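Chain residues, written in single-letter form:
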Amino acid sequence: MKRMKDILKVMKFDFLTAKPLAFRAFIIVAVICFVLSLFFSPLISSYITFVALIFVIPLQSVADKCGFNKLYGILPVKRKNITRARFLYVFLAHFLSELLEGVLAVIAFNLKMYKVLPNQDGEAVQLIKKSFEDTTLIYVMIIGVFAFFCLLFSYMEMLAQIFGRENEMKIILITLGVMTAAAILLSVLNSYDMLPPINVPKLPEDIGGRAIFAAVLNIVVLGICLLFGEITASRLAKREL
């Protein structure tokens, strides 16, 4: 219980630190995305995740500018809980954006405001109409963008705290190099039929099935974020000994 209270304190501190820079911009962009999704495609609501990043990115520059130990040293919490809180905060910022995107996409899908646009028989409006009908793409984009960026930022946060933010560019380049090499290797192995066939499960078609799948995905992403947090907390604790 004490540990969770400490984590919540640090998360609140992180939010208040980022709020002056992020909150107004987030609201403005979210409103713009919502209006555009009403008239042009519910898919546009998934772009809100990109704006959610501004609740995370400023924390790095503020901590570097003020000194991480000095900035967080005023909080009566353990160093490990400060690290854990950052990863839970990253997840929560993306998770709340995902929920908002889902709500706005459902509203846009049901209102179908594209019907008030002129020239309903035109090619542009017909393309817009198709985007409203492709619910699978909208669903995949919302949960997919959430999972990708949440895991990416958690991964980068882990490596940056362990190896230092001054090495972030090296971390990015090495990560991209490893991913590229792995992709090339898998492509070569696949071309020679050296990989076993992989049956990708189909996404559920019904609303209940999709809700369950999204919930499971969110739990998995949360688990990975918490794992990254524990790894980082352990490494930093050993360094301070």
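Residues numbered from 1 in each chain as written. Predicted model: local features only at pLDDT ≥ 70, side-chain atom pairs only at ≥ 80, totals over all residues. Heavy atoms only, no water.

Draft legend 1. Local environment of the packing of aromatic side chains. For the structure on display, the rule yields nine aromatic pairs. With a centroid separation of 4.8 Å and 45 degrees between ring planes, the pair formed by Y114 and F132 is classed as tilted. With Y114 in the loop between α5 (79-111) and α6 (123-133) and F132 in helix α6, this residue pair connects regions lying 18 residues apart in the sequence. Exposure remark for Y114: the relative accessible area of 6% places this residue in the buried category. For F132, a relative accessible area of 1% puts it in the buried group. What links up through ring pairs into an aromatic cluster is the set Y47, F50, F148 and F149. Positioned above the aromatic ring of F109 is the side chain of K112, whose terminal nitrogen or guanidinium carbon lies 3.9 Å from the ring centre. Across from the ring centre of Y139, 5.1 Å away, lies the NZ or CZ of R210, which sits over that ring. (Phe/Tyr/Trp six-rings, centres within 6.5 Å; stacked < 30°, edge-to-face > 60°. Helix = DSSP H or I, 4+ residues; strand = E, 2+ residues; numbered from the N terminus. Buried < 20%, exposed > 50% of the residue type's maximum accessible area, 1.4 Å probe, protein only. Lys NZ or Arg CZ within 6 Å of the ring centre and 35° of its normal.)

Draft legend 2. Inspection of the side chain of H94 at higher detail. On the secondary structure map, H94 appears in helix α5. Using a relative accessible area of 0% as the deciding quantity, one classes H94 as buried. Among all residues touching H94, those that are not within four sequence positions of it are T49, L53, F146, F149, C150 and F153. (Contact = heavy atoms within 4.5 Å.)

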